[in-house]
Amino acid sequence: MKINTISALSKLACLLPLLMVDASFAAESLNVSTSLSPDDPIYKGLQSFKKGVESRTNGEVKIKLFSSGQLGADNELLQHAQAGSNVGVVVDGARLAQFVPEFAIIPAPFVFKDYTTLKKFISSPVFAQWSEQMSSKSGLTPLSFNWYQGARMLVTQKPVSKPSDLNGVRVRALEAPVTIETIKCMGGSPTPLSWSEIYSSIQTGVVDAAEAQPTAVYGSKLYEITKHITKTNHIHLMTGIIVSQKWLSSLTAEQQTILREEAQKNGDIASENTILAGDKMLDEMAKKGMTISEVDTQPFIDGCRYVPEKLGLSEAYKQVNSIIN
């Protein structure tokens, strides 16, 4: 019996270093969450990001991807990241404005005219300063913030050509002040709702309409239950992979650099693919019976001019314009 006990203890002693290695290895993993579907170009870009990171770190940093909001709600995941958890969340400035209010100007209506001007601002010292503020205030940092999801458009059951056409129309909204105010200024009635619930909510009449980029509309199959897409292009949606600064700092300097470089490189590629895919998906949805309409956006632009001032973003708006104009 004594021999068996000594033998067992000996085996345990041999296993301990392996267990410690496994625990260390587990800490060097990142669970990345997005609300987008696996078919979305952004998700495919995340798959390339995963491949690049794991290859360049020789498997020392593992990336696990979760699509369609499977890992949980964005705000809850951001809280986990704040606490130091190994989670990354693909979100836009509307979500991050709770930490640095200026971020809300990025998804504010009609601030950016296209992807090029948006990318120019994201590369600016002003944006870098906002990111540093977020890190110091909340413990969150972007690996990169260059994941462009496309121009957001109105998705409705009836034609829309002017703001008054949205009177009384319940439009799904992200639970963020800038998104809610955007829908109001465009004439609609905002209804806060998770994107993962959008199909069933339109189907059952909880909401009447949505506003989203073509890839998201197609990925969620809204062409099955809605009739019109109006190309208002009111928001050019840029997102980033947001992680815990504490978790990131636990990695080696080389690993941190690899994560940031792969996020930047694959974000650029995914953004270009998103633009190409968006045009193709609009054509596909037209073939499936949806009406895709151009519209005079000036009435919508005029109706939304007050948004930056109302949300206390006048100075941020000036900073943006000083860079993009």
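Keep in mind it's a predicted model, so treat the numbers as computed, not measured.

A. Quick look at the overall build of the protein. Broken down by element type, the protein carries 14 helices and ten strands. Reported as C-alpha extents along the three principal axes, the dimensions of the protein are approximately 85 × 45 × 30 Å. Expressed as a percentage of the 325 residues in the protein, the buried residues total 52%. Contacts in the protein between residues at least 24 apart in sequence constitute 76% of all its contacts with a sequence separation of at least 6.

B. Representation of the packing of aromatic side chains in the model. Across all of its chains, the model carries nine aromatic pairs by this definition. An angle of 75° between the planes, with centres 6.1 Å apart, marks the rings of phenylalanine 103 and tryptophan 130 as edge-to-face. One end of the pair, phenylalanine 103, is in the loop between helix H4 (93-96) and helix H5 (115-122); the other, tryptophan 130, is in helix H6 (residues 125-138), and 27 residues separate them in sequence. You can call phenylalanine 103 buried: its relative accessible area is 1%. The exposure class assigned to tryptophan 130 is buried, which follows from its relative accessible area of 2%.

C. Structural view of the environment of aspartate 165. Position of aspartate 165 relative to the elements: it lies in the loop between strand E5 (147-156) and strand E6 (170-173). Spatially, the C-alpha atom of aspartate 165 lies 41 Å from that of serine 138, the residues being 27 residues apart in sequence. Apart from the residues within four sequence positions on either side, aspartate 165 is in contact with Lys158, Pro159 and Val160. Among the polar contacts listed, one links the side chain of aspartate 165 to the backbone nitrogen of serine 161, at a separation of 2.8 Å.

Rules behind the numbers
Residues numbered from 1 in each chain as written. Predicted model: local features only at pLDDT ≥ 70, side-chain atom pairs only at ≥ 80, totals over all residues. Heavy atoms only, no water. Helix = DSSP H or I, 4+ residues; strand = E, 2+ residues; numbered from the N terminus. Buried < 20%, exposed > 50% of the residue type's maximum accessible area, 1.4 Å probe, protein only. Contact = heavy atoms within 4.5 Å. Phe/Tyr/Trp six-rings, centres within 6.5 Å; stacked < 30°, edge-to-face > 60°. Polar contact = N/O pair within 3.5 Å; in protein donor to acceptor, adjacent residues only side chain to side chain.

These figures come from the coordinates and say nothing about function on their own.
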